[in-house]
Amino acid sequence: MATELGRHGLAMSSGDYGDVGVGGLATAGGIGYLVRKHGLTLDHLAAAEVVLADGTFVRADADNEPELFWALRGAGGNFGIVTAVELDAYELDRVVYATMIFDASRAATLLRSWGGLLEAAPRELTSFLYASVQQGTPITRVVNVFAGTDTDAAVAALTPLLDLGPLLDHEAVLIPYPAIVPAYDGDHYGGVRRPLISSGLADQLTAELSEELAVGLRSGVAHYLSIRSLGGAVNDVDPLATAYAHRHQNFSISSLGSQEAAFHGYWDDLRPHLDGLYLSFETDQRPERLHDAFPGQTLAKLRGLKAAYDPDNVFDRNFPIPPG
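Residues numbered from 1 in each chain as written. Predicted model: local features only at pLDDT ≥ 70, side-chain atom pairs only at ≥ 80, totals over all residues. Heavy atoms only, no water.

A. Seen up close, the overall build of the protein. Looking only at helices and strands, the protein has ten helices and twelve strands in total. For the protein, the C-alpha radius of gyration of 20 Å lies close to 20 Å, the compact-globule estimate for 324 residues. With the principal axes as the frame, the protein shows a C-alpha extent of 60 × 50 × 40 Å. Buried residues in the protein amount to 49% of all 324 residues. Counting contacts in the protein only where the partners sit at least 6 residues apart, residues at least 24 apart contribute 73% of the total. Of the side chains in the protein, 22 bear a positive and 41 a negative charge, and the two mean positions are spaced by 3 Å. (Helix = DSSP H or I, 4+ residues; strand = E, 2+ residues; numbered from the N terminus. Rg over C-alpha atoms; globule rule 2.2 N^0.38 Å. Buried < 20%, exposed > 50% of the residue type's maximum accessible area, 1.4 Å probe, protein only. Contact = heavy atoms within 4.5 Å. Lys, Arg positive; Asp, Glu negative; His and termini not counted. Charge placed at Lys NZ, Arg CZ, Asp CG, Glu CD.)

B. The arrangement of the packing of aromatic side chains in detail. Counting across every chain of the model gives six aromatic pairs. Seen from their ring centres, Tyr-33 and Phe-128 are 4.9 Å apart, and the 35° between their planes marks the pair as tilted. You can see Tyr-33 sitting in the loop between α2 (22-28) and α3 (35-38) and its partner Phe-128 sitting in strand β7 (residues 125-134), a full 95 residues away along the chain. Of the two residues, Tyr-33 and Phe-128, both sit in the buried class. Summarising the aromatic geometry, the rings of Tyr-266 and Trp-267 are spaced 6.4 Å apart at their centres and angled 85° between planes, so their arrangement reads as edge-to-face. Summarising the burial analysis for this pair, Tyr-266 and Trp-267 share the class buried. Geometry around Phe-69 places Arg-73 over its ring, the cationic atom sitting 3.9 Å from the centre. (Phe/Tyr/Trp six-rings, centres within 6.5 Å; stacked < 30°, edge-to-face > 60°. Lys NZ or Arg CZ within 6 Å of the ring centre and 35° of its normal.)

C. Representation of the environment of Trp-114 within the structure. Looking at the secondary structure, you find Trp-114 in helix α5 (residues 107-120). Discounting chain neighbours no more than four positions away, the residues touching Trp-114 are Ser-127, Phe-128, Leu-129, Val-142, Leu-161, Leu-164, Leu-205, Ile-227, Ser-229 and Phe-251.

D. Spotlight on the sheet that holds strand β3 (residues 57-61). Strand order in the open sheet formed by three strands is β3-β2-β4, and the pairing between neighbours is antiparallel. Of all the strands in the sheet, just β3 and β4 (81-87) have a single pairing partner and so form its edges. This sheet shows a mean twist of 20° between the axes of neighbouring strands, independent of strand direction. (Pairing = 2+ DSSP bridges. Axes fitted to C-alpha atoms, helices over the stretch in contact; angles between N-to-C directions.)

E. A look at the packing of α5 against helix α7 (residues 207-219). Contact pair α5 / α7: the axes reach a minimum separation of 8 Å and the direction vectors enclose 135°. Taken together, the axes of α5 and α7 lie oblique to each other. Here the hand of the crossing between α5 and α7 comes out right-handed. Of α7, the residues touching α5 (which contributes Ala-107, Ala-108, Leu-111 and Arg-112) are Ala-207, Ser-210, Glu-211, Leu-213 and Ala-214. (Parallel < 35°, antiparallel > 145°, perpendicular 65-115°, else oblique. Left-handed = near helix turned anticlockwise from the far one by under 90°.)

F. Fine view of the sheet that holds strand β11 (residues 224-229). Judged by pairing direction, the sheet is antiparallel, and its seven strands sit side by side in the order β9-β6-β8-β7-β11-β12-β10 without closing on themselves. In this open sheet, the two edge strands, each paired with only one partner strand, are β9 (167-176) and β10 (196-202). Taken over all neighbouring pairs, the strand axes of this sheet differ in orientation by 15° on average, direction set aside. Of the pairings in the sheet, the one linking β11 to strand β12 (residues 251-257) comprises six bridges and is antiparallel in character. When the bridges of β12 are listed, Ser-229 appears paired with Phe-251. Across the face of the sheet, helix α8 (residues 260-270) comes into contact with β10 and β12 while running at roughly 5° to β10.

G. Local environment of helix α6 (residues 151-158). Here α6 has its buried residues at Ala-154, Ala-157 and Leu-158. Summarising the axial view, the buried residues of α6 lie within an arc of 90°, below the 170-degree limit, and thus occupy one face. Opposite the buried face of α6, by more than 90 degrees, sit the exposed residues Asp-152, Val-155 and Ala-156. Close packing links the buried residues of α6 with β6 (94-103), β7 and β8 (137-146). (Arc of directions from axis to C-beta.)

H. Structural view of the pattern of salt bridges. The tally for this structure, following the rule as stated, stands at 16 salt bridges. Put simply, Arg-247 and Asp-43 hold a salt bridge, and the shortest N to O gap is 2.8 Å. With Arg-247 in the loop between β11 and β12 and Asp-43 in the loop between α3 and β2 (45-51), the pair connects residues that are 204 residues apart, well separated along the chain. Residue classification places Arg-247 among the buried positions, given a relative accessible area of 5%. You can call Asp-43 partly exposed: its relative accessible area is 25%. Measuring nitrogen to oxygen at the nearest pair gives 3.0 Å for the salt bridge that ties Arg-289 to Asp-284. Residue class for Asp-284 comes out buried when judged on its relative accessible area of 2%. Each of Asp-268, Asp-284, Arg-286, Arg-289 and Asp-292 takes part in a single network of salt bridges with overlapping partners. (Salt bridge = Lys/Arg side-chain N within 4 Å of Asp/Glu carboxyl O.)

I. Broad picture of the pairing of β8. For β8, the buried fraction is high: seven of the ten residues fall into the buried class. In this structure, β6 lies alongside β8, joined through eight bridges in antiparallel fashion. Residue Val-96 lies in a different strand from β8, and its bridge partner there is Phe-146. Examined bridge by bridge, β7 and β8 share ten bridges and lie antiparallel to one another. Residue Ser-127 lies in a different strand from β8, and its bridge partner there is Asn-144. Between β7 and β8, which pair antiparallel one after the other, the connecting turn spans two residues, and Gln-135 there sits at a positive phi close to 50°.

Next up, the structure:
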């Protein structure tokens, strides 16, 4: 998608990997490298063609099936098989792409500092942080995208990040957006082995939350940590405008584990520091996760629409919403 749009000087925020499926991006959220400047992918969904549980084929947009259109933007997997989507792209030529690698021995301090800088950063800057322990040393890779060609503004936004910790390597280039999300186009085997992953959203990376995340890395219970910056254009949208209601949080946090009991226990202890979750980064199927994903009023409306569009819960494989 990025390559084809780029040929026309257009773009669409499309995750941090070139082979992310457009179906999930357009119906579950869509957190990509342009998210703070241009919002979620689903915020640019103009229409969807859907096969409903009874076999009916419909088009959902602002004028046709508007309630279904509302539900598809955040809970699409519960309401039908989306066969096609229409997305409103936006003009974008090149971006400043900057990567930084740090020794993260003081991981909690680094996380808190990075969070504070991103909250204050211009919305043109989106930053994703990836942390793991490599050969006994905590390493953090920070990937930054400044959406635009104003290199002076990009340097001003990026320079404070260089002081997050001991800097091991860094690079910055002005590059076409499609070049940072190349398609791998490898064989897909249907997700034979599902990873153990959990997620949460946060307003801030507080000292307490940052320390808990660092503990997970040090102990190995959550051996790979990802934090994606939000805010900006995401939070311009009314939380009731779509089924994705998380419009005040500034960070999306996820981590990988290998021991289910220990990993779930760790995340259970982490939840009080969090506010919601992003379903695309979650494998914990316990019922309470549904309430984290869809806060009260949103879940109530979704249950009513589920009763109308899928009363027999045919679409029950991906965090199914019980019909109301």
